[in-house]
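Examination of the molecular architecture
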Amino acid sequence: MLEFLPKEVREGLEAARKKDLKKKSRLRIRVNEEVFPVLKFWETGFSLDAERAPHLRGLVDLYDGSRHLYQCLIIASEEEEGQMKYDFKRKAEAHDHAPLDFAPEESAPVALIEEKR
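Throughout what follows, the structure given in this document is the object of discussion. This structure is a prediction, so every number in the text was calculated from the model and none was measured.

A separate point is the overall build of the chain. Along the backbone of the chain there are one helix and six strands. In the chain, which comprises 117 residues, the share counted as buried stands at 26%. Long-range contacts, defined here as pairs at least 24 residues apart, represent 43% of the contacts in the chain between residues at least 6 apart. Per element, the accessible surface of the chain, about 9400 Å² overall, is 52% carbon and sulfur.

The structure is reproduced here in structure tokens:
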């Protein structure tokens, strides 16, 4: 149906669609010091604006606003409808603390309360 519209109108509609996707998504990819907004996200990958995003490959961090969600190993897969698609080779959840290397005891005290003398 869009084939019948003039080229300028199609380009305007595509620009408006991209702008709307950027507004809706809080997800961001961070590569070194650069940040790219994620247009779409699915279980096995995500897409970025093809005009702005380079052909990324390697380790990136995925954020939801300021919250670090995943550390991902990615590879660029294909460009489709102005979006560059990337596939996850590995996606690991980011944690705010280091994992324990032992099993905590259930009866262990939560805190230490000292008596004042």
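Turning to the sheet that holds strand 4 (residues 57-64), a few remarks are in order. Consider a sheet: its strands pair through backbone hydrogen bonds, and that pairing is either parallel or antiparallel. On the basis of which strands lie adjacent, the closed barrel formed by six strands has the order 1-2-3-6-5-4 and antiparallel pairing. The sheet shows a mean angle of 45° between the axes of neighbouring strands, direction not considered. Two strands pair when backbone bridges link them, and strand 4 and strand 5 (residues 67-80) are joined in this way by eight bridges, in the antiparallel orientation. The partner of Arg57 across the bridge, within strand 5, is Ile75.

Below, the discussion takes up the pattern of salt bridges. What the rule picks out here adds up to five salt bridges. Residues Arg67 and Asp64 are paired through a salt bridge, measuring 3.4 Å at the closest nitrogen-oxygen approach. Residue class for Arg67 comes out exposed when judged on its relative accessible area of 51%. Linking Lys85 and Glu80 is a salt bridge whose minimum nitrogen-to-oxygen distance equals 3.4 Å. Taking relative accessible area as the criterion, Glu80 reaches 34% and is therefore assigned partly exposed.

Buried residues dominate strand 3 (residues 45-49), accounting for five of its five residues. Bridge count for strand 2 (residues 34-42) against strand 3 is four bridges, and the pairing is antiparallel. Paired with Trp42 across the strands is Gly45, a residue of strand 3. Two successive antiparallel strands, strand 2 and strand 3, enclose a turn made up of two residues. Alignment of strand 3 against strand 6 (residues 83-93), held across five bridges, turns out to be antiparallel. From the neighbouring strand, Phe46 faces strand 6, where its bridge partner is Tyr86.

This paragraph deals with a nonpolar patch on the surface. Together, Leu5, Val9 and Leu13 make up a nonpolar patch on the protein surface, roughly 220 Å² of accessible area in all. Topologically, Leu13 is positioned in helix 1 (residues 7-24).

Now for the packing of aromatic side chains. By the definition in use, this model includes three aromatic pairs. Ring geometry for Phe46 versus Tyr86: centroids 5.3 Å apart, planes at 20°, classification stacked. A residue pair is termed long-range when its members are at least 10 positions apart, and Phe46 in strand 3 and Tyr86 in strand 6 qualify at 40 residues. For Phe46, a relative accessible area of 0% translates into the label buried. Tyr86 gets classed as buried once you look at its relative accessible area, which sits at 0%. One aromatic cluster is present, formed by Phe41, Phe46, Tyr86 and Phe88 through successive ring pairs. We note Lys91 situated over the ring of Tyr70; from NZ or CZ to the ring centre the distance is 4.8 Å.

Calculation criteria
Residues numbered from 1 in each chain as written. Predicted model: local features only at pLDDT ≥ 70, side-chain atom pairs only at ≥ 80, totals over all residues. Heavy atoms only, no water. Helix = DSSP H or I, 4+ residues; strand = E, 2+ residues; numbered from the N terminus. Buried < 20%, exposed > 50% of the residue type's maximum accessible area, 1.4 Å probe, protein only. Contact = heavy atoms within 4.5 Å. Areas by Shrake-Rupley, 256 points an atom, 1.4 Å probe, with all protein chains shown as cover. Pairing = 2+ DSSP bridges. Axes fitted to C-alpha atoms, helices over the stretch in contact; angles between N-to-C directions. Salt bridge = Lys/Arg side-chain N within 4 Å of Asp/Glu carboxyl O. Patch = residues over 30% accessible without salt bridge, like charges linked within 9 Å, V, L, I, M, F, W, Y side chains within 5 Å. Phe/Tyr/Trp six-rings, centres within 6.5 Å; stacked < 30°, edge-to-face > 60°. Lys NZ or Arg CZ within 6 Å of the ring centre and 35° of its normal.

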